[in-house]
Amino acid sequence: MSNPPALHYDDADMAKLLRGVKTIAMVGASANWVRPSNFAMKYLLGKGYRVIPINPGQAGKEILGQMTYASLADAPGPIDMVDIFRASEAAGKSVDEALDVADEKGIQIIWMQLGVRNDEAAARAEAKGLTVIMDRCPKIEYGRLFGELGWSGVNSGIITSKRRKLG
Amino acid sequence: MTNDRKNPAPWEFGPETKAIHAGSQPDPVTGARNTPIYQTTSYVFDDVDHAADLFNLQTFGFIYSRLTNPTVSVLEERLASLENGRAAVAASSGHAAQFLTFFTLLEPGDEFIASRNLYGGSITQFGLSFKRLGWNCNFVDATDPENIRAAITPKTKGIFIEVLANPGGIILDLEAIVEVANEAHVPLIVDNTLATPYLLRPMDWGADIVLQSTTKFLSGHGTSLGGALIESGKFDWAKDDKFPTMTQPEPAYHGLTFYETFGDFGFTMKARAVGLRDFGPCLSPANAFYTITGIESLPARMDRHVNNAKAVAEFLEGHPKVSWVSYAGLASSPYNDLAKKYLPKGAGAVFTFGLQGGYEAGVKLVENVSLFSHLANIGDTRSLILHPASTTHRQLTDEQRDAAGAGEDVIRLSVGLETTDDLIHDLDQAMNRL
């Protein structure tokens, strides 16, 4: 893959988006508690989001107390955002599955995880009017925008004389 | 959501602004504008589940100040921002930060390559104490980057340099060394203490890890020991199987794989969660506070430090009792071109010079001065003087001393912020009485 241009997302837009979302379907959520997807799911649940795990291998079982579904089509709506924990190539198929049920479930946002980027799939979703974020982790972005990430010494890039707003 | 195809990159703040603001926002509850000193060992959990999440690193937050502390976090984020890095972890000293770095990087039997032009304490730490842990350091003359290339073996896991080397005067060709490191796919680690991120940001040239002894110019007033490890977030630990400590499940952390879980801040997360946890060299919140306060004036101080240093070096160069001056900011220095390339704002404020009278003259000079302070530190507001052969380097052989730039006639200065003429006058009267 040639090097695509770096992605920039506006902090204010991102914060508004994360404040607006209520339900997240997590494609590739793992039942193994040391996996990154399980970490992210647990964190997002703790922040008050409803998270629906999508994982055919775990369908009918619970992950972190949430019922798991084999596919986005099987999952109950409404779903505001689909968070994709798949390799970049496989993410295209997940995006198409989300687009197939976008109207029915009310999906408005496609989010591809840190390290996951599929510009062609993103263009298909944007053409349908969906918002797309790639190569970011909602847990890390939530922590960054609402002041928690700096607690681990991470450079949030945020410089402001306004009071820190907690999530 | 828009990206760069439709939207310009976010505003990039300058170093003077970052030195004051990065990492520090008004307190969400009280509105306190300055960073409070959170003088506390520990933090209450919301409930048992929250405690479990914190211990498992599943959420961000505070457990115990050996790992994280809100005052220390502000310093860490500020340093990461100033170095244009992704994340930082602070430690109780620069030496402790070095230990955390190599503990996170190496396994027993591994090797790393270090420039032989280093702070003397680093040479001892790497050459003797690390050896007892099975971490093997090969020292090379890095003024020729080809010497680094020639020393690389399959066991090499890192390259360590000071671009502006202590005790000063020597500057390495950073860009060429980055190329050697990239070819070998090993992280380039730069001790940036003498330059500070105000004079040089090694990550902008491609360095992967930067270390700081914050004790020196960052804290800046000789008040507080401290150190930090900063990662760029750009090194691909998973490109090959050379870095299992980052890419394999960590037995000391219930099988967590740090690179996969934390991505571009995985190295500092591991240095913190395993290194600080199990060895304990954490920075105190009070020292973090003094260091944060010091950093706020770093840009203004460094400008004056380098101006004073250059004036003192020029004076010494013309003095009859001085045989040589090793300051890269002088036009006569063989490193002047590299100084212009890498340190356009100034070649630092620490340098050495040689006295005609050798060892005896060196001992007398440090006793004759009355404004320069005779002590073993650098980067203070006060001007400092040292005769390494009779103090810090007295345990070395003549050969080792010469290789370290600490021969019998060598005097090291750390030029402070006093009135320039007063510094020159003090050295002049001290030399006239030799």
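Numbering of residues starts from 1 in every chain and runs along the sequence as written. Labels are handed out in written order, letters beginning with A for the chains and numbers beginning with 1 for the ligands. Where local features are concerned, this predicted model is filtered to residues with pLDDT of at least 70; where side-chain atom pairs are given and counted, the filter is 80 or more; whole-chain, interface and lining totals use all residues.

**Student:** So, the overall build of chain A: which residues are in play, and what are the values?
**Tutor:** Secondary structure assignment for chain A yields six helices and seven strands. Order of helices (α) and strands (β) in chain A, N terminus to C terminus: α-β-α-β-β-β-β-α-α-β-α-β-α. For 167 residues, the compact-globule estimate of 2.2 N^0.38 gives 15 Å, and chain A sits close to it at 16 Å. By principal-axis analysis of the C-alpha atoms, chain A measures approximately 45 × 35 × 30 Å. Residue burial here comes from a neighbour count, namely the number of other C-beta atoms, placed from the backbone, that lie within 10 Å of the residue's own C-beta, with 20 or more meaning buried, 12 or fewer meaning exposed, and in between meaning partly exposed. Expressed as a percentage of the 167 residues in chain A, the buried residues total 46%. For chain A, contacts bridging at least 24 residues in sequence account for 59% of all contacts bridging at least 6. Helix and strand assignments come from DSSP, with helices taken as H or I runs of at least 4 residues and strands as E runs of at least 2, each series counted from the N terminus. Our radius of gyration is a C-alpha quantity, and the globule rule it is checked against amounts to 2.2 Å times the number of residues to the power 0.38. Contacts here follow a simple rule: the backbone-placed C-beta atoms of the two residues must lie within 7 Å.

**Student:** So what about the sheet that holds strand β10 (residues 322-326) of chain B? Which residues, and what values?
**Tutor:** Backbone hydrogen bonds are what pair the strands of a sheet, in a parallel or an antiparallel way. All names here are of chain B. Taking strand neighbours across the sheet as the criterion, the five strands line up as β10-β11-β14-β13-β12 in an open arrangement whose pairing is mixed. Looking at which strands have only one partner, the edges of the open sheet turn out to be β10 and β12 (373-374). Seen against the sheet, helix α13 (residues 298-317) touches β10, β11 (350-355) and β14 (410-414) and runs at an angle of roughly 150° to β10. Angles shown run from 0 to 180 degrees and are taken between the N-to-C directions of axes, each axis being a line fitted to C-alpha atoms and, for helices, limited to the stretch in contact. Packing of helix α15 (residues 358-368) onto the sheet brings it into contact with β11, β12, β13 (384-386) and β14, and relative to β11 it is tilted by some 125°. A pair of strands counts as paired when DSSP detects no fewer than two bridges linking them.

**Student:** So what's going on with the interface of chain A and chain B? Which residues, and what values?
**Tutor:** Chain A puts 37 residues into the contact, and the matching count from chain B is 42 residues. Counting residues per element, the ones that place at least two in the side of chain A that touches chain B are α1 (11-20), α2 (36-46) and β7 (131-133) of chain A. Broken down by element, the residue count for the side of chain A that touches chain B peaks at five residues, all from α2(A). The classification used treats Ala, Val, Leu, Ile, Met, Phe, Trp, Tyr, Cys and Pro as nonpolar, Asp, Glu, Lys and Arg as charged, and all other residues, Gly among them, as polar. Residue composition of the side of chain A that touches chain B, by class: 17 nonpolar, 12 polar and eight charged.

**Student:** Provide a residue-level description of the nonpolar core, including the pertinent values.
**Tutor:** We define the nonpolar core as any set of buried residues of the types Ala, Val, Leu, Ile, Met, Phe, Trp, Tyr and Cys, connected via C-beta atoms lying within 7 Å of each other. A:Val82, B:Ile159 and B:Leu229 are the most contacted members of the largest nonpolar core, which has 178 residues in total. The element best represented in this core is α13(B), accounting for seven residues. Setting aside residues up to four positions removed in sequence, B:Leu229 forms contacts with B:Ala88, B:Val89, B:Ala91, B:Ala97, B:Leu100, B:Thr101, B:Ile209, B:Leu211, B:Thr268 and B:Ala271.

**Student:** Please provide a residue-by-residue account of the pairing of strand β7 (residues 188-191) of chain B, values included.
**Tutor:** Residues and elements named next belong to chain B. Residues Leu188 and Val190 point to one face of β7 and Ile189 and Asp191 to the other, with burial holding for every one of them. Across three bridges, the pairing between strand β4 (residues 156-161) and β7 is parallel. Each bridged residue has a counterpart across the sheet, and for Ile161 the counterpart in β7 is Val190. The sheet contact formed by β7 and strand β8 (residues 209-213) spans three bridges and is parallel. The residue bridging Asp191 from the neighbouring strand is Leu211, located in β8.

**Student:** Please give an account of helix α3 (residues 70-82) of chain B that cites residues and values.
**Tutor:** All names here are of chain B. Across its 13 residues, α3 extends 19 Å between first and last C-alpha, which sits within 8% of the 18 Å expected from 1.5 Å per residue. Across the 13 residues of α3, 12 count as buried, placing the element largely inside the fold. For α3, the elements touching its buried residues are α1 (15-21), β1 (87-91), α8 (196-199), β8, β9 (227-231) and α12 (285-296). Remark: Asn84 follows α3 within two positions and exhibits a positive phi of approximately 60°. Helix span, as expected, comes to 1.5 Å for every residue beyond the first.

**Student:** Can you tell me about the pairing of strand β6 (residues 109-112) of chain A, naming the residues and giving the values?
**Tutor:** Looking along a regular strand, one sees the side chains alternate between the two faces of the sheet. Residues and elements named next belong to chain A. Residues Ile109 and Trp111 point to one face of β6 and Ile110 and Met112 to the other, with burial holding for every one of them. As defined by bridge partners, β6 adjoins β7 across three bridges and the pair is classed as parallel. Note on β7: the bridge partner recorded for Ile110 is Val132.

**Student:** An account of the packing of α3(B) against α12(B) is needed here, citing residue identities and associated values.
**Tutor:** Residues and elements named next belong to chain B. The interhelical angle for the contact between α3 and α12, taken along N-to-C directions, is 35°, at an axis separation of 8 Å. Helix-helix and strand crossings are classified by hand; for α3 and α12 the assignment is left-handed. Between α3 and α12, the residues in contact are Thr71, Val72, Val74, Leu75 and Arg78 and Pro285, Ala288, Phe289, Thr291, Ile292 and Ile295, respectively. In terms of residue class, the contact of α3 with α12 is made up of eight nonpolar, two polar and one charged. Helix crossings get a hand from a simple test, with the near helix turned counterclockwise from the far one by less than a right angle marking a left-handed crossing and a clockwise turn marking a right-handed one.

**Student:** Tell me about the domain arrangement of chain B, residues and numbers included.
**Tutor:** All names here are of chain B. The domain boundaries here were taken from an automatic or database domain assignment. You can read the domains of chain B as domain 1 (15-295) and domain 2 (298-432). Once you take the C-alpha centre of each, domain 1 and domain 2 turn out to be 28 Å apart. Listed by partner, the interface residues are 31 residues for domain 1 and 34 residues for domain 2. For the side of domain 1 that touches domain 2, the elements supplying multiple residues, two or more each, are α1, α5 (120-129), β6 (170-171), α8 and α12.

**Student:** Before we move on, could you go through the sheet that holds strand β2 (residues 50-54) of chain A and cite the residues and values that matter?
**Tutor:** Residue and element names in this part refer to chain A. Strand order in this open sheet of five strands is β2-β1-β5-β6-β7, and the pairing throughout is parallel. Looking along the sheet, the strands with just one partner apiece sit at the ends: β2 and β7. Strand-to-strand twist in this sheet, taken as the mean axis angle between neighbours without regard to direction, amounts to 20°. Relative to the sheet, α2 contacts β1 (23-27) and β2, its axis offset from that of β2 by approximately 155°.

**Student:** Could you give an account of α2(A), with specific residues and numbers?
**Tutor:** Most of α2(A) sits inside the fold, with nine of its 11 residues counted as buried. Those residues of α2(A) not exposed but buried are A:Pro36, A:Ser37, A:Asn38, A:Phe39, A:Ala40, A:Met41, A:Lys42, A:Tyr43 and A:Leu44. Looking at the buried positions of α2(A), the neighbouring elements they touch are β1, β2, β3 (62-63) and α6 (138-145) of chain A together with α2 (48-55) and α10 (258-262) of chain B. Where α2(A) terminates, the next one or two residues include A:Gly48, which has phi positive at roughly 95°.

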